[in-house]
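The primary structure of each chain is shown beneath.
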Amino acid sequence: GGDAPGLNAVIRSVTLAARNRGWDVVGIRDGFNGLMFPENYANGRGVFELTRDGVRGISHLGGTILGSTNRGNPTAYPVQQPDGTWVEVDRTHELLELFDQAGIDALITVGGDGSLTIGNHLHEHGLRVIGVPKTIDNDLDKTTATFGFDTAVDFATDCIDRLFSTATSHGRIIVVEVMGRYAGWIALHSGMAAGAHSILIPEIPFDLQPVAETIDQREERGAKFSIVVVAEGAVPVDGDVMTIGKSVGQAERLGGIGHAVADRLQELTGKESRCVVLGHLLRGGSPTSVDRLLGLRFGAAAVRALEEGRDGVMVALDPPTVTYVPLLEAVTRMKSVPPDCDTILTARDLGINFGDRPPH
Ligand code: F6P
């Protein structure tokens, strides 16, 4: 799936914890592609040994030394037909055979709901699998946190802080669109941390009239600018989530809501409005110490799970400890922002508008 800051910390941790037990460790490039299509890699090395030297000094690096793909689902692999059309082919058995031929006894798969669902599928077909939760979106239900989220929130907060300069200098509305898929965690946390005036999240369908009224009230109080943070998956009360399109073998791509909100707010308030889409910037860069530590804890816990004879489980954070939950349970339900959680109540107490009209 998508890269997330902290992935390299997991890879380093798995490698060292396994090697310290005398086990061999290999990395598969680009999801399962390295195993399925070795001919696409230099010297046919789609699968390569992960050594102590190979993982030295990588915990602070963004991205992943293994590479990734979000078009490599072996259960629905996209294959182009001679006439140019695409079909999705189930390559599960072929993949399991390749694991066997490579002498791989167990797989540690690091991913969000999509990758962990594939991991569970392979586990159900006989492969020994341990999952490690990864997503900047923080939308996995059975773990309190996923690595990548803290870095994304931290960077989004910094960007919003910086956008205050132009908003205040020019008396503008600035709408900041952030990632998060169908969950509003990144928008909520960064918006609150940076002091946004409105935050629109998928869990609270929005109407822009109350947002415009909040902006007008601020104007009357002498604050000529406003910052609105919009989650890419935010939905208007009378509309649908906005998408950019869907390519074969890929999940739906969300986007476009930030510009739509900025245009409409300009119409409603008469104020100059601009939109900034942070997009993949939130996935890049060096992980925060929180995400590095979480990645290291998750990676070593995955190795301990194998040592303890576990199978078909995901490593999960259940503070103060790391625990294990069945993979199937981990991907059954998405973790959304509860509209009555204390963070939302705090935001409302501060006067932040969610595009609705709360009772008081
Ligand atoms: O799940 C992580 C994430 O960054 C989402 O926040 C976003 O909607 C999606 O991935 C974007 O994926 P891609 O990199 O394929 O555009």
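The model shown is predicted, which means the values in this text are computed figures rather than measured ones. (Residues numbered from 1 in each chain as written. Predicted model: local features only at pLDDT ≥ 70, side-chain atom pairs only at ≥ 80, totals over all residues. Heavy atoms only, no water.)

Q: Quick question: what am I supposed to make of the overall build of the protein chain here?
A: Across its full length, the protein chain holds eleven helices and 14 strands. Against the compact-globule benchmark of 21 Å for 360 residues, the protein chain has a radius of gyration of 22 Å, which places it among compact chains. At a minimum sequence separation of 6, the contacts of the protein chain that also span at least 24 residues come to 68%. (Helix = DSSP H or I, 4+ residues; strand = E, 2+ residues; numbered from the N terminus. Rg over C-alpha atoms; globule rule 2.2 N^0.38 Å. Contact = heavy atoms within 4.5 Å.)

Q: Could you clarify how one ought to interpret the pattern of salt bridges in this entry?
A: If charged atoms from side chains of opposite charge come close, those side chains can pair. Across all of its chains, the model carries 16 salt bridges by this definition. E219 is the salt-bridge partner of K224, the closest N and O atoms lying 4.0 Å from each other. Residue K224 is classed as partly exposed on the basis of its relative accessible area of 44%. For E219, a relative accessible area of 25% translates into the label partly exposed. (Salt bridge = Lys/Arg side-chain N within 4 Å of Asp/Glu carboxyl O. Buried < 20%, exposed > 50% of the residue type's maximum accessible area, 1.4 Å probe, protein only.)

Q: Explain the nonpolar core here, please?
A: Across soluble globular proteins, you tend to see nonpolar side chains buried next to one another. Residues V178, I227, L282 and V315 are the most contacted members of the largest nonpolar core, which totals 67 residues. With nine residues, the top contributor of residues to this core is helix α5 (residues 149-170). Filtering out sequence-adjacent residues up to four positions away, I227 remains in contact with I160, L163, F164, A167, I174, V176, A196, H197 and S198. L96, I118, L127 and V325 belong to the second largest nonpolar core, which has 24 residues in total. (Core = buried A, V, L, I, M, F, W, Y, C linked by side-chain atoms within 4.5 Å.)

Q: Is there a simple way to think about the site of the ligand in this case?
A: Close contacts around the ligand come from N70, I136, D137, M179, G180, R181, E232, H280 and R283, and that covers them all. Contact distances for the ligand include 2.5 Å between an oxygen atom and a side-chain N or O atom of E232. Contact with the protein chains removes 80% of the 400 Å² of surface that the ligand exposes when unbound. Looking at the shell around the ligand residue by residue, the classes come out as two nonpolar, three polar and four charged. (Near = heavy atom within 4 Å. Polar contact = N/O pair within 3.5 Å; in protein donor to acceptor, adjacent residues only side chain to side chain. Areas by Shrake-Rupley, 256 points an atom, 1.4 Å probe, with all protein chains shown as cover. Nonpolar A, V, L, I, M, F, W, Y, C, P; charged D, E, K, R; others polar.)

Q: Looking at this structure, I do not really get the layout of surface pockets. What am I missing?
A: Empty pockets left among the atoms are what a rolling probe the size of a water molecule brings to light. In this structure, the second largest pocket occupies an estimated 190 Å³ of space. What lines the second largest pocket is a set of 13 residues, among which F206, L208, P236, D238 and R264 lie closest to the centre. For the lining of the second largest pocket, the secondary structure elements donating two or more residues are α7 (208-220) and α8 (257-269). At five residues, α8 tops the list of elements feeding residues into the lining of the second largest pocket. Taken together, the residues that form the lining of the second largest pocket break down as nine nonpolar, one polar and three charged. (1 Å grid on protein atoms, 1.4 Å probe; cavity = no way out; pocket = protein on both sides within 12 Å on 5 of 7 lines; lining within 4 Å. Points joined across faces, edges and corners; volume = space filled by probe spheres on them.)

Q: Where do I start with unusual backbone geometry in this structure?
A: Among all residues save glycine, negative phi is the norm, and among peptide bonds the norm is trans. Geometrically, the link from P319 to P320 is a cis peptide bond, its omega value of 10° lying close to zero. Mapped onto the secondary structure, P320 falls in the loop between β13 (313-318) and β14 (321-326). The phi dihedral of N43 is positive, around 55°, even though this residue is not glycine. Residue position: N43 is located in the loop between α2 (33-36) and β2 (47-49). The backbone of R181 sits at a positive phi, close to 50°, despite the residue not being glycine. Locating R181 in the fold gives a position in the loop between β7 (173-178) and α6 (185-194). The partly exposed category is assigned to R181, whose relative accessible area is 25%.

Q: Looking at this structure, I do not really get the side chain of R283. What am I missing?
A: Tracing the backbone through its elements, the reader meets R283 in the loop between β12 (273-277) and α9 (289-307). Excluding residues within four positions of it along the chain, R283 makes contact with G2, D3, P5, I136 and M179.

Q: Is there a simple way to think about the sheet that holds β12 in this case?
A: Overall, parallel pairing links the four strands, which are arranged β8-β9-β7-β12 in an open sheet. Edge strands, defined here as strands with exactly one partner in the open sheet, are β8 (198-200) and β12. Here the strands of the sheet are splayed against their neighbours by 20° on average, with no regard to which way each runs. Looking at chain direction, β7 and β12 are connected through five bridges and run parallel. Paired with I173 across the two strands is S273, which belongs to β12. In the packing of α5 onto the sheet, the strands contacted are β7, β9 (226-231) and β12, and the crossing angle to β7 comes to about 165°. (Pairing = 2+ DSSP bridges. Axes fitted to C-alpha atoms, helices over the stretch in contact; angles between N-to-C directions.)

Q: Would you mind going over the packing of α7 against α8 with me for this structure?
A: The angle between the axes and the distance between the axes are what describe a pair of packed helices. With their axes 10 Å apart at the nearest point, α7 and α8 run at an angle of 60° to one another. Our classification of the angle between α7 and α8 gives oblique. Both α7 and α8 take part in a crossing whose hand is right-handed. Listed contacts from α8 to L208, Q209, V211, A212, I215 and D216 of α7 are V261, R264, L265, L268 and T269. Per-class residue counts for the contact of α7 with α8 are seven nonpolar, two polar and two charged. (Parallel < 35°, antiparallel > 145°, perpendicular 65-115°, else oblique. Left-handed = near helix turned anticlockwise from the far one by under 90°.)

Q: How should the environment of G31 be read in this particular structure?
A: Counting through the fold element by element, G31 comes out in the loop between β1 (26-28) and α2. Looking at G31, the relative accessible area reads 34%, which means it is partly exposed. With 99 residues separating them along the chain, G31 and I130 place their C-alpha atoms 15 Å apart. Ignoring any residue separated from it by four or fewer positions in sequence, one finds G31 in contact with G67, S68 and T69.

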